[in-house]
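Here are the chains, one letter per residue:
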Amino acid sequence: MATDHELRLRERLARLRSVNLLGGARLSAEVEKLQRQLERLAEETTDEDIWRAVELARHQDRPYTLDYVERLLDDWFELRGDRGRADDHAIVAGLGRFEGRTVALVGQQKGRDIKDRIDRNFGSAHPEGYRKAMRVMELANRHDFPLITLVDTPGAYPGVAAEQHGQGGAIARSQATMVRLSVPTVACVIGEGGSGGAVALAVSDRVLMQENAIYTVISPEGCAAILWRDAGEAKKAAAAFKPDAVHCLELGVIDGIVPEPEGGAHTNPDEAARLLGESVREALDELESIPADELKRRRRARFRSLGVYA
């Protein structure tokens, strides 16, 4: 039986096919993309496929935010600090030129080697990081720059100091800030999208996921430790709550899947960046003609509808 999200995809596909297209028109690419997503939903995903996505999302050579910034943005200028306490290196934020547009970009950044991973806190931000993100979001809103966010974190930092400095409140305020933005916003989960640390940067008009990313309310290990008191049952937990892109699309949590090179984004970062850039550009092109008040109305309605049980 078709899910509500699958029915919506089919309805959108039917509408697009009814439009008389010129050869090479952008809508034809949208038709092909929707068709691929429908085919993906129709495929049976095994437990092994789901765990493979978890492993690829965490692959040590997977491109991170700054790898995509280097390949997609010109004139990148990074902004640092929360103008209050510190600069959290787990969050990267700044301005640059993307496909002829000035955009603001915020993303989580993991490290490559031990020293860098410690400096970046493995991509797990403190409250200072989310305050820096909000600073750039508000800058984008003031100057009418579209906002792109790249999500890649196992979760917000759960340490005592982070809680003392208001971790929960910072995450909530980041979400509230994104809801109120008047500019087009596009988020993409490029690796691990873990818990509140991910949602803090993903309350967007369009939420995308790379093909081998994961988006979860809790890590598979954390879930297994709670349910079976054994983190070693992580594979079993992942199979139960299905954090992969296909199932997130089916649930309606995301709006589209960004394809990756064969074997994962780490096998060809340049091609992964090209595919990501193409998807983000299409989303921004679609959103730029929508009035600000309507963007906010749709954004609020979309996120209030998630998780509603009838």
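Relevant structure appears above.
Calculation rules
Every residue gets a number counted from 1 within its own chain, in the order that chain's sequence is written. Reporting of local features is limited, given that this is a predicted model, to residues whose pLDDT is at least 70; pairs of side-chain atoms are given and counted only at 80 or more, and all residues count toward the totals for whole chains, interfaces and linings. To obtain the side-chain values, all non-hydrogen atoms of the structure were used and water was disregarded. Each helix corresponds to a stretch of at least 4 residues labelled H or I by DSSP, and each strand to a stretch of at least 2 residues labelled E; elements are numbered beginning at the N terminus. Type-normalised accessible area, obtained with a 1.4 Å probe on protein chains alone, sets the label of each residue: buried when under 20%, exposed when over 50%, and partly exposed for intermediate values. We call two residues in contact whenever any of their non-hydrogen atoms come within 4.5 Å of each other. Classification of ring pairs uses Phe, Tyr and Trp, with its six-membered ring standing for Trp, and accepts pairs whose centres are within 6.5 Å; under 30 degrees between planes counts as stacked, over 60 as edge-to-face, and the remaining range as tilted. Working rule: Lys NZ or Arg CZ, within 6 Å of ring centre, within 35 degrees of ring normal, means a charge sits over the ring. As used in this structure description, the phrase polar contact means that two N or O atoms lie within 3.5 Å; if the pair is within protein, one of them must be able to donate a hydrogen and the other to accept it, and residues adjacent in sequence are counted only when both atoms belong to side chains. Axis definition: a line fit to C-alpha positions, over the contact stretch in the case of helices; interaxial angles, taken between N-to-C directions, run 0 to 180 degrees. Just so you know how the angles are binned, under 35 degrees is roughly parallel, over 145 roughly antiparallel, 65 to 115 roughly perpendicular, and the rest oblique. By definition, any crossing whose near helix is turned counterclockwise from its far helix by less than a right angle is left-handed, and any crossing with a clockwise turn is right-handed. Put simply, Ala, Val, Leu, Ile, Met, Phe, Trp, Tyr, Cys and Pro go in the nonpolar bin, Asp, Glu, Lys and Arg in the charged bin, and everything else, Gly too, in the polar bin. Here, a salt bridge means any Lys or Arg side-chain nitrogen found within 4 Å of an Asp or Glu carboxyl oxygen.

Novice: If you had to explain the environment of Glu233 to someone new, which residues and values would you point to?
Specialist: Note that Glu233 resides in the loop between helix H10 (220–228) and helix H11 (234–241). Overall, Glu233 belongs to the partly exposed group, its relative accessible area being 30%. Distance from Glu233 to Gly222, taken between C-alpha atoms, is 9.6 Å for residues eleven residues apart in sequence. The contacts of Glu233, once residues within four sequence positions are left out, are Ala224 and Trp228.

Novice: I'd like a description of the packing of aromatic side chains, backed by residues and values.
Specialist: For the structure on display, the rule yields zero aromatic pairs. Arg112 extends its terminal NZ or CZ atom over the ring of Tyr64, reaching a point 3.9 Å from the ring centre. When the ring centre of Phe303 is taken as origin, the NZ or CZ atom of Arg302, which lies over that ring, is 4.8 Å away.

Novice: Now, about the side chain of Gln210: what can you tell me, with residues and values included?
Specialist: When you line up the elements, Gln210 lands in strand E6 (residues 206–210). Overall, the relative accessible area of 0% leaves Gln210 in the buried class. Here Tyr68 takes part through its side chain, which lies 3.0 Å from a polar atom of the side chain of Gln210. What Gln210 contacts, discounting residues up to four positions off in sequence, is Arg62, Tyr68, Cys188, Val189, Ile190, Ala245, Ile257, Val258, Glu260, Ala272 and Leu276.

Novice: An account of the packing of helix H6 (residues 127–143) against helix H8 (residues 167–180) is requested, with residue identities and associated values reported.
Specialist: Running from N to C, H6 and H8 cross one another at 15°; their axes reach a closest spacing of 9 Å. It follows from the interaxial angle that H6 and H8 lie roughly parallel. Between H6 and H8 lies a crossing of left-handed hand. Side by side, H6 and H8 meet where Pro127, Tyr130, Met134, Met137 and Glu138 of the first sit next to Gln167, Ala170, Ile171, Arg173, Ser174, Thr177 and Met178 of the second. By residue class, the composition of the contact of H6 with H8 is seven nonpolar, three polar and two charged.

Novice: Would you mind going over the pattern of salt bridges in detail, with residue names and values included?
Specialist: Taken as a whole and judged by the stated rule, the model has 22 salt bridges. Of the charged contacts, one joins Asp116 and Arg120 as a salt bridge, the two residues approaching to 3.7 Å between their closest N and O atoms. Residue Asp116 and its partner Arg120 are both found in helix H5 (residues 114–120); the two are separated by four residues, about one turn of the helix. Judged by relative accessible area, Asp116 falls into the partly exposed class, the value being 24%. Linking Glu286 and Arg206 is a salt bridge whose minimum nitrogen-to-oxygen distance equals 3.0 Å. Of the two residues, Glu286 sits in helix H13 (residues 269–287) while Arg206 sits in strand E6, which places them 80 residues apart along the sequence. Judged by relative accessible area, Glu286 falls into the partly exposed class, the value being 30%. When salt bridges with common partners are traced through the structure, they connect Arg58, Lys110, Asp152, Glu192 and Glu221 into a single cluster.

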